[in-house]
Amino acid sequence: MLSERRLQVLRAIVQDYVGTEEPVGSKALTERHNLGVSPATVRNDMAALEDEGFIAQPHTSAGRIPTDKGYRLFVDKLAGVKPMTAPERRAIQNFLDGAVDLDDVVARTVRLLAQLTRQVAVVQYPSLTRSTVRHVELLSLAPARLMLVLITDTGRVEQRLVDCPAPFGEASLADLRARLNSRVAGRRFADVPRLVEDLPEGFDVEDRGTVATVLSTLLETLVEENEERLMIGGTANLTRFGHDFPLTIRPVLEALEEQVVLLKLLGEAGDSGMTVRIGHENAYEGLNSTSVVSVGYGSGGEAVAKLGVVGPTRMDYPGTMGAVRAVARYVGQILAES
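All values derive from a computational prediction rather than experimental measurement.

## Considering the overall build of the chain
Item 1. Along its length, the chain carries 12 helices and 10 strands.
Item 2. Whereas a compact globule of 338 residues would reach a radius of gyration of roughly 20 Å, the chain reaches 26 Å, over 25% beyond that.
Item 3. Judged by the C-alpha coordinates and their principal axes, the chain covers about 90 × 40 × 35 Å.
Item 4. A separation threshold of at least 6 residues defines the contact pool for the chain, and within that pool the share at least 24 residues apart is 61%.
Item 5. Carbon and sulfur atoms make up 50% of the accessible area of the chain, which totals about 15900 Å².
Item 6. Put simply, the chain has 37 plus and 45 minus side-chain charges, and the middle of one group is 8 Å from the middle of the other.

Right, here's the structure in full:
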């Protein structure tokens, strides 16, 4: 275990390096921070921190920089989450409140996160498998053709055309719409197949084929892998950090183009807590020089998807964590109210 003073020294090194982009020396530390000890003592503490792998000497410079291990300790033990100011919170709310539909909510969230953190923002669309049905609408387009519209609790709208095996009258359509919604409205997607399996039996024999076709289309819509959609923004922000990436930012840009990689980075949607992955904790090699801060968002206290940012390991962790958490909270409120 590190002593309290050495933890203070590590905190000061991280803060100075993130703020100045320059390796940090003992003289600068004692001048900038009220550590209460001499530069010689700070040098000894820095030597101990270096021996234990928390800081490193990047080249012949006299200064030191945090390692992944140093940043990890800083995030876990030393850094609080920096709360947003009241004007910042109002700005977030006003910007997101202008959204007209789910696509707009996601697009605005990406822009906002990228602007607030000056990193790359990644937002996952709400997962269908974690959603509940708000309403199913059925519209007649022709005697034997229907439009099925599925509306979820997160504001997502899915439309499907249904070709019926026989003409289906307006009275039968209204009856099916009412019975279907009485069973599935407000219920989780996972429960829907069980809730509708015997529904065709309540209809006249000549209508059962059409009812079965409508239900089949509904169930196909529920199981489609639509939750694998992401939106990304602020990639140009990486160019400001060129010197933070050992050779080139190309591996980072290539990794950001891989949707599967990004989904793994964000983690499981059901895990709503804040996750910070630093440097080599990211399994994908192209992202070994980056950190990822992500959190779940959703309505009613349950996460339906993740959002987060990707940036260099030399990141303002308290500020980034605060921005990611605040934006996730407001997006959740909008989904709950939509």
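Next, the rest of the story.
## Some remarks on the sheet that holds strand S3 (residues 120–124)
Hydrogen bonds between backbone atoms are what pair the strands of a sheet, whose relative direction is either parallel or antiparallel.
Item 1. In space, the 5 strands of this open sheet follow the order S7-S3-S10-S9-S8, with antiparallel pairing throughout. Taken across any chain shown, the strands that pair with only one partner, and hence form the sheet edges, are strand S7 (230–233) and strand S8 (275–278). When the angles between neighbouring strand axes are averaged without regard to direction, this sheet yields 15°.
Item 2. Across the sheet, helix H12 (residues 317–337) lies against S8, strand S9 (290–297) and strand S10 (305–312), angled at about 25° from S9, the strand it touches most.

## Observations regarding the environment of valine 196
Item 1. Position of valine 196 among the secondary structure elements: in helix H8 (residues 192–196).
Item 2. Those residues in contact with valine 196 that sit more than four places away from it in its chain are Leu180, Arg183, Val184, Leu215 and Leu219.

## Structural notes on the nonpolar core
Item 1. Counting 58 residues, the largest nonpolar core has Leu29, Leu307 and Tyr317 as its most contacted members.
Item 2. The dominant element in this core, judged by the number of residues it contributes, is H12, at 11 residues.
Item 3. Looking at which domains feed residues into this core, each of domain 1 (2–75) and domain 2 (84–125 + 227–335) gives three or more.
Item 4. Of all hydrophobic cores here, the second largest spans 23 residues; its members include Val162, Val184, Leu218 and Leu222.

## Focus: a nonpolar patch on the surface
Item 1. A cluster of nonpolar side chains, contributed by Leu139, Leu141 and Leu161, occupies part of the molecular surface with about 260 Å² of accessible area.
Item 2. You can see leucine 139 is positioned in strand S4 (residues 133–142).
Item 3. Looking at leucine 139, the relative accessible area reads 40%, which means it is partly exposed.

## Structural notes on helix H7 (residues 170–184)
Item 1. Between the first and last C-alpha of H7 there are 21 Å, a value that for 15 residues agrees with the 21 Å anticipated at 1.5 Å per step.
Item 2. The complete set of buried residues in H7 reads Ser172, Leu173, Leu176, Leu180, Asn181 and Val184. Buried residues of H7, seen end-on, are gathered within an arc of 155° and therefore sit on one face of the element. The exposed residues of H7 that point more than 90 degrees off its buried face are Ala171 and Ser182.
Item 3. Two residues or fewer after H7 comes glycine 186, characterised by a positive phi angle close to 80°.

Cut-offs applied
Residues numbered from 1 in each chain as written. Predicted model: local features only at pLDDT ≥ 70, side-chain atom pairs only at ≥ 80, totals over all residues. Heavy atoms only, no water. Helix = DSSP H or I, 4+ residues; strand = E, 2+ residues; numbered from the N terminus. Rg over C-alpha atoms; globule rule 2.2 N^0.38 Å. Contact = heavy atoms within 4.5 Å. Areas by Shrake-Rupley, 256 points an atom, 1.4 Å probe, with all protein chains shown as cover. Lys, Arg positive; Asp, Glu negative; His and termini not counted. Charge placed at Lys NZ, Arg CZ, Asp CG, Glu CD. Pairing = 2+ DSSP bridges. Axes fitted to C-alpha atoms, helices over the stretch in contact; angles between N-to-C directions. Core = buried A, V, L, I, M, F, W, Y, C linked by side-chain atoms within 4.5 Å. Buried < 20%, exposed > 50% of the residue type's maximum accessible area, 1.4 Å probe, protein only. Domains from an automatic or database assignment. Patch = residues over 30% accessible without salt bridge, like charges linked within 9 Å, V, L, I, M, F, W, Y side chains within 5 Å. Salt bridge = Lys/Arg side-chain N within 4 Å of Asp/Glu carboxyl O. Expected span 1.5 Å × (residues − 1). Arc of directions from axis to C-beta.

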